Structures are given as C-alpha cells and as structure tokens.
Amino acid sequence: MATLVRTFAFAIIAAFAVGSARATEVPPPFALKSISVELPTSDRTFPYGPGVAVMDANCLICHSAGMVLNQPALSKTAWDGIVHKMVKVYKAPIEEADIATIVDYLTATKGAK
Amino acid sequence: MTASSAFSYPTTRRRLLGQASALGALSLVAPAWAEELANLGLPGGPSERPLTKAFPQKGEMILQRTRAPLLESPFEVFDKGVFTPNDQLFVRWHWAVIPTEIKVDTYRIAVRGHVKNELSLSLADLMSLPRVELAAVNQCSGNSRGFFEPRVAGGEWGNGAMGNAKWLGVRLKDVLDKAGVKDGAQCVRFGGLDEPMVEGAPKFTKSIAIDHARDGEVMLAFGMNGEQLPLLNGFPIRLIVPGWYSTYWVKMLNNIEVLDGPDDQFWTAKAYMIPDTPGANMKPGEKDVKMVPINRMVPRSFVTNFRGGERLRAGAPTPLRGIAFGGDAGVKAVEVSTDGGATWTQAKLGTDEGKYSFRQWSTQIEPAAGNLTVMVRCTNMNGLTQPATPNWNPSGFMRNVIETTHLPVA
C-alpha cells in the first residue's frame, strides 16, 4: 500500500513537471462498445404568414425550424445577408425567385421593430 | 444594457397540459415531445427554450435546435461539481448527416497527407499508444451569444454551451510520430464522419498549426469522465485541444491530414473569425477590422448556487459559490464584489484539477436588506482578468464579461 501511495505521489510530481497531463505506464482496461441510436426529428413548421409554404419547402432541408425561430429580431438587411449566405456558402438549393419571399417572411415575422 | 444583464439561470415552468391556450402558445416554440421550458433571459428575446430528454445518451438538456442538434446544459448542472456529467454536456453539430450507428471493430482513422507512412488506425491500434488523462473545459466559441447587444445571428446560447470533463486518450503527437511527419509540414487538418445535407456544401473540417499539433497536450480522446463518449459528443474519438474553443475539438474523428501549406478550406480559412483586437472586441458596423481565426479561450467565472432574482435573508451568513476557468491558463484568483465593483474580496479556491479545468470558488457574505448585486471575476495565470464591459463582434464569439447576479435581500 505504502509503495502504491508513493508511486502515485511520484506520478503527481512527474505530471506537474510536464504539465497537467498524467501519463500512465500500464493502460487501465477501457473497452469501447459499438452503439446504435436514434435521433429525434422535429415536427415544427413555420408559423402561418405570407410565404410560409416557401419557408417550409426550403429552410427545413438543412435544419429544423427552431434555428430560425430562436433568432432575435434582425433588420431586413441582416436577413437578406443570412439568406444569401445560406445559398452561396452553404449551398442551400433555393430558387432565385424564392429568396425575396423568404427574406420578406423573415422580416415580417422576425424583423427588428 | 450593461454587463449586469449577462447572467441568467434558466428557469422552468410546467407545461400546462390540457389547457388549450398554453398548448397553443407552446406549440410555437417547442416540438410536441418537449415538456417544459427554460428561460434564458436573453435581451429582447426570444428567451424560452424547451427542455428535453429526447436525445440518445443525454439527460435533460435545453433544446436550441433539433436538427442538426444544438443542446445546451441547464445551468444548474454547474453547481453540482467541476466535472459536467456526460449526459448533460452541451452538444453542437454543424451538419445534420450524422451516423447513428458506430461499430468499434471496423472504425478507422486515416493519418495521411505530408507524412512518410500513411496510416489507417483501428481503435485498438490507437488505444495501444501511451495514454494520458487531462481535465479540460470544452466551450463553444459562441457560448453566451444570446447576451450580445446589439444581438447577432447564430446559435442563441445562454451560458450553458460549455462543460468540463476528464478526457482519456492518446497524444496526437504520438499518432503523428507513428506516421512520420515530413519536413515542411505547416498544419494538420481534422475531419469527422458528419457530412453536409446538400452537395457542394463545405464539409466541416478544422486545422491547427503543426507545432500546436505536436505540443504533447492536444489529444485524441476515447474516454470522458471514465466512460466512452456519448455519440452526440463525438463517439468514438474526439480531438481535444486544451485551452482552445470547441470548434477545434472535432467529433467522430476519422481523418487526420498533414498539410505542407495553409488550410484554405472554408471552416478554418473563412468561418470562426474574430477581430484581431484585445478581447475580440469591435464596434457594431466598424469597417476594415483585421480578422483572424478564433483560438485560445479567455477567463470566465459564474455564481452557481443562486439564480438571479432569488431572495436572500438579511444579515444571515450566506454561502456563495461558483465555477471559474482561466481559458488557456490556470485560475490564479477569483474575486467577488457586492458593491458594484468598487471593492473586491478574494474567494477561496477549490481543488486544482489542472490548468484547463473548471475550478470551484466559494466565499460567505452577510447581506444587508435591499438589492444585492454579486459580481465575480477570474484572473488567469497569465494575468488576464475578465473585462467590466462586454465585448462585441458580428459572430458573437468569446464573451467573457464579468457576470453580475441580482439578489433581493429582506
């Protein structure tokens, strides 16, 4: 027991000498188990308003509605920038004609007052 | 608003099943399977989020987004100890194509690029390397983004996009040495099994400089608080970059690529950029600010045993406690002020679990009747102290203003 304690104390001193990572000489047993899980899906759609069908058809392809609905009130310029970023950077397959509808919907429902 | 709005506990209210009006209101903010709401107290709102236990291997979490999952730790969890339970450590995925089945026998990690011997490591290969265990805080770059004013777009987190765990694994340095890094290597890029939803969208990858990758601290973890990682936290292998923001901590790691030039891919070269200024601070609308990739964390501290608005008894000896972390260095001191920041008292520090860990602090007060404000600030071993005024940048990164908790005393 005394030897064990001494070894542990030495390990702590050694750990301080090299940083805070503690190296162990003999790896303790650690077995990984395969896993299979199911992720929940969201049943949320966008609140009713002009353009809601375009919102549901486009914005839910990559993410659930909560991402949009949890955003603060933002200006039309800000929403326009965000929607264009979704298309240009994240490659959201949104028809050019639908972009204005989406920006208008967002400005109406989540616009800065 | 000032720094005083920065701290807020989630508060919950029971879902009023059977009351049509309450159900109607809730359906606007929550999927049907979410049962209670947390209130994050975000300026201007919306502040309510569902609480959910619907995610595999996760306990009660604040639901920020179902797909791709963004789950926040309820703040109460940080009062229970310095290590965050695996089932309540926050979850953040960029893209929604996430494997839901992982077989440990066939899992492989490629080590390739500017190396002498490309490798395809099994988990057994990896686990045969010398092991290290390290306590380290895992914090989202945008933790507390919801408190930014003016508000900014993004994951609208409260303060719970952080957690602390004991990570067990192997050194990245040892893995790289096994492959043999060639002269002229500049950085190492990491990718996991997650994929974008649409073709042509940028796969999530991140890179760090070669010297950083070989510093002996960056590790590949297979253990988290003594258990394998929950799938949503990156099972079976997650990159651990101690002292750096979580964006670098690539989950379900299966690709390690040594580059002989800079990484020009989107997530490192263009995303996660901060102003190259003290505290990543700039003015809204300010132009021509030099931007750099986010990197080292900065100190933070929180009260954990009272939530704002909780009533204290006048003259009663009252324990105050919380957590602090130094960011990329250990906690040197935690100080508490109950007079609006005019005077500060040193708090007692709890067990030192290592320089990258949460550290508990505690003190005692005897509050007089009235409105008490408790401010807490951490100074790290590099001498960096939390600022009295909040930082601002367009992506809502690196918030670490001194937190203030308002407590009525009677």
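Residues numbered from 1 in each chain as written. Chains lettered and ligands numbered in written order. Predicted model: local features only at pLDDT ≥ 70, side-chain atom pairs only at ≥ 80, totals over all residues. Heavy atoms only, no water.

Under an unreviewed UniProt entry, chain B has the name Oxidase and belongs to Methylocella silvestris. Taken from UniProt, the Cofactor (unreviewed entry) comment for chain B reads in full: "Mo-molybdopterin". (UniProt positions renumbered as here; feature names shortened; annotations may be inferred.)

Labelled according to an unreviewed UniProt entry, chain A appears under the name Sulfite:cytochrome C oxidoreductase subunit b, originating from Methylocella silvestris.

A.B. asks: Lay out the pairing of strand S14 (residues 219–224) of chain B in plain terms, naming residues and giving numbers.
C.D. replies: Residues and elements named next belong to chain B. The buried count for S14 comes to 6 of 6 residues, which makes it a mostly enclosed element. Across 5 bridges, strand S11 (residues 162–171) lies against S14 in antiparallel orientation. Directly across from Arg171, in S14, lies its bridge partner Met219. In this structure, S14 lies alongside strand S15 (residues 227–228), joined through 2 bridges in antiparallel fashion. Note that in S15 the partner of Met224 across the bridge is Glu227. (Buried < 20%, exposed > 50% of the residue type's maximum accessible area, 1.4 Å probe, protein only. Helix = DSSP H or I, 4+ residues; strand = E, 2+ residues; numbered from the N terminus. Pairing = 2+ DSSP bridges.)

A.B. asks: Requested: an account of the interface of chain A and chain B, with residues and values cited.
C.D. replies: Contact with chain A, which involves 40 residues of that partner, is made by 62 residues of chain B. With both chains or domains summed, chain A and chain B bury close to 4,100 Å², and 61% of this area falls on carbon and sulfur atoms. Considering only the side of chain A, the residues that lose the most area to chain B are Phe30(A), Leu32(A) and Ile35(A), jointly responsible for 18% of the buried surface there. Along the contact surface separating chain A from chain B lie 10 residue pairs in polar contact (both at pLDDT 80 or more). Put simply, the parts of the chain that give the side of chain A that touches chain B at least two residues each are strand S1 (22–24), strand S2 (35–36) and helix H3 (66–69) of chain A. (Contact = heavy atoms within 4.5 Å. Buried area = accessible area lost by both parts, 1.4 Å probe. Polar contact = N/O pair within 3.5 Å; in protein donor to acceptor, adjacent residues only side chain to side chain.)

A.B. asks: Can you tell me about the packing of helix H2 (residues 52–59) of chain A against helix H5 (residues 96–110) of chain A, naming the residues and giving the values?
C.D. replies: Residues and elements named next belong to chain A. Running from N to C, H2 and H5 cross one another at 110 degrees; their axes reach a closest spacing of 9 Å. In this view, H2 runs roughly perpendicular relative to H5, as classed from their interaxial angle. Of the residues in H5, those touching H2 at Val52, Val54, Met55, Asn58 and Cys59 are Asp98, Thr101, Ile102, Tyr105 and Leu106. Within the contact of H2 with H5, the residues separate by chemical class into 7 nonpolar, 2 polar and 1 charged. (Axes fitted to C-alpha atoms, helices over the stretch in contact; angles between N-to-C directions. Parallel < 35°, antiparallel > 145°, perpendicular 65-115°, else oblique. Nonpolar A, V, L, I, M, F, W, Y, C, P; charged D, E, K, R; others polar.)

A.B. asks: Explain the side chain of Asn159(B) to me, and be specific about the residues and the numbers.
C.D. replies: Tracing the backbone through its elements, the reader meets Asn159(B) in the loop between strand S10 (131–139) and S11. Of note is the side chain of Asn159(B), whose polar atom sits 2.6 Å from the side chain of Ser144(B).

A.B. asks: Please provide a residue-by-residue account of the sheet that holds strand S17 (residues 253–259) of chain B, values included.
C.D. replies: All names here are of chain B. The 5 strands lie next to each other as S9-S8-S17-S12-S13, forming an open sheet whose pairing is mixed. This sheet does not close on itself; its edge strands, each paired only once, are strand S9 (119–122) and strand S13 (205–209). Here the average twist between neighbouring strands, direction ignored, is 20 degrees. Across 6 bridges, strand S12 (residues 187–192) lies against S17 in antiparallel orientation. Note on S17: the bridge partner recorded for Cys187 is Leu259. Sheet strands touched by helix H3 (residues 172–179): strand S8 (108–113), S9, S12 and S17. Its angle to S9, the strand with the most contacts, is close to 135 degrees.

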